[in-house]
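Next come the chains, spelled out residue by residue.
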Amino acid sequence: MTDKQTIVDGMSALTDDEVRAVVAAVTTGRPALAALHAAALEIRMVPDPVGPPSSPIPPSPIPPTPQVPEPPTIIDAHVVPDPAGGTGVGAAPGVADVTGYTETGVPTFDAVREKIESRSGTADGAAELDAASGAGAALEEQYAAREKAAHERLAEIRRSLRGD
């Protein structure tokens, strides 16, 4: 294999048309360089003002233009009203539907409900994660021990009041 610099030096001495022809020839049959090949073939040959005119490379074949199908026959029709009382045409969403607030700045019921459900879900998930962790299990055991001690103390107070 030759040195890249040797190739660069050799190509630098070529005319533009010769470089284009070399690029077109080198990229033929290389799918990864298809865009470069197409670009080389699309460049039109311009006579070199210094040297003799070079022979043009024929451009790549242009794929045939796809045929556009004929439009379907138009059938006269009329709009039938929606039995539910609508117009039958989809209405654009209003400000409240998009932002969750009315035009006067009051939150809609749906927006408030979604916010509450979102926060509730986040809290439930955080509680589950805390309970699954080692620190959460230790806190759960500590809470159970305090509850047991509280029940025992309450039972002791009740016994003392009864006079047992």
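Residues numbered from 1 in each chain as written. Predicted model: local features only at pLDDT ≥ 70, side-chain atom pairs only at ≥ 80, totals over all residues. Heavy atoms only, no water.

**Student:** Explain the overall build of the chain here, please?
**Tutor:** For the chain, the count of helices and strands is six helices and zero strands. From first element to last, N terminus to C terminus, the chain shows the α and β order α-α-α-α-α-α. Across the 164 residues of the chain, 6% fall into the buried class. A separation of at least 24 residues holds for 18% of the contacts in the chain among residues at least 6 apart in sequence. If you sum the accessible surface of the chain, you get close to 14,300 Å²; carbon and sulfur atoms cover 63% of it. (Helix = DSSP H or I, 4+ residues; strand = E, 2+ residues; numbered from the N terminus. Buried < 20%, exposed > 50% of the residue type's maximum accessible area, 1.4 Å probe, protein only. Contact = heavy atoms within 4.5 Å. Areas by Shrake-Rupley, 256 points an atom, 1.4 Å probe, with all protein chains shown as cover.)

**Student:** Just to check I follow, could you spell out the side chain of Thr-108 for this structure?
**Tutor:** Locating Thr-108 in the fold gives a position in the loop between α4 (95-99) and α5 (109-132). There is a polar contact of 3.2 Å between the side chain of Thr-108 and the backbone nitrogen of Ala-111. For Thr-108, the contacting residues outside a window of four places in its chain are Ala-96, Gly-100, Tyr-101 and Thr-102. (Polar contact = N/O pair within 3.5 Å; in protein donor to acceptor, adjacent residues only side chain to side chain.)

**Student:** In this structure, what is going on with the pattern of salt bridges? I would like to understand it.
**Tutor:** Pairing of side chains with opposite charge becomes possible as their charged atoms draw close. Overall, the coordinates contain two salt bridges when judged by the stated rule. For Arg-113, the salt bridge is made with Asp-110, and the minimal N-O distance between the two is 3.1 Å. With a gap of three residues between them, Arg-113 and Asp-110 both fall in helix α5, about one helical turn apart. By relative accessible area, Arg-113 is classed as partly exposed at 36%. Across the pair Arg-153 and Glu-156 runs a salt bridge whose closest N-O atoms are separated by 3.2 Å. (Salt bridge = Lys/Arg side-chain N within 4 Å of Asp/Glu carboxyl O.)

**Student:** Mind showing me how you'd approach the environment of Ala-111 here?
**Tutor:** Summarising the element assignment, Ala-111 is placed in helix α5. Between the C-alpha atoms of Ala-111 and Asp-97, which are 14 residues apart in sequence, the distance is 8.9 Å.

**Student:** Can you walk me through the packing of helix α2 (residues 16-26) against helix α3 (residues 34-42) in this structure?
**Tutor:** Relative orientation of the contacting elements α2 and α3 amounts to 145°, with a least axis distance of 8 Å. The crossing of α2 and α3 is left-handed. Contacts from Arg-20, Val-23 and Ala-24 of α2 reach α3 at Leu-36, His-37, Ala-40 and Leu-41. Considering only residue class, the contact of α2 with α3 consists of five nonpolar, one polar and one charged. (Axes fitted to C-alpha atoms, helices over the stretch in contact; angles between N-to-C directions. Left-handed = near helix turned anticlockwise from the far one by under 90°. Nonpolar A, V, L, I, M, F, W, Y, C, P; charged D, E, K, R; others polar.)

**Student:** How should I be thinking about α3 in this particular structure?
**Tutor:** Three or four residues apart is the spacing at which side chains of an α-helix point the same way, because the helix has 3.6 residues per turn. What α3 keeps buried is the set His-37, Ala-40 and Leu-41. Looking straight down α3, one finds that the buried residues subtend no more than 95° of arc, so they occupy a single side. For α3, the exposed residues set more than 90 degrees away from the buried face come down to Ala-35 and Glu-42. In this structure, the buried side of α3 is in contact with α2. (Arc of directions from axis to C-beta.)

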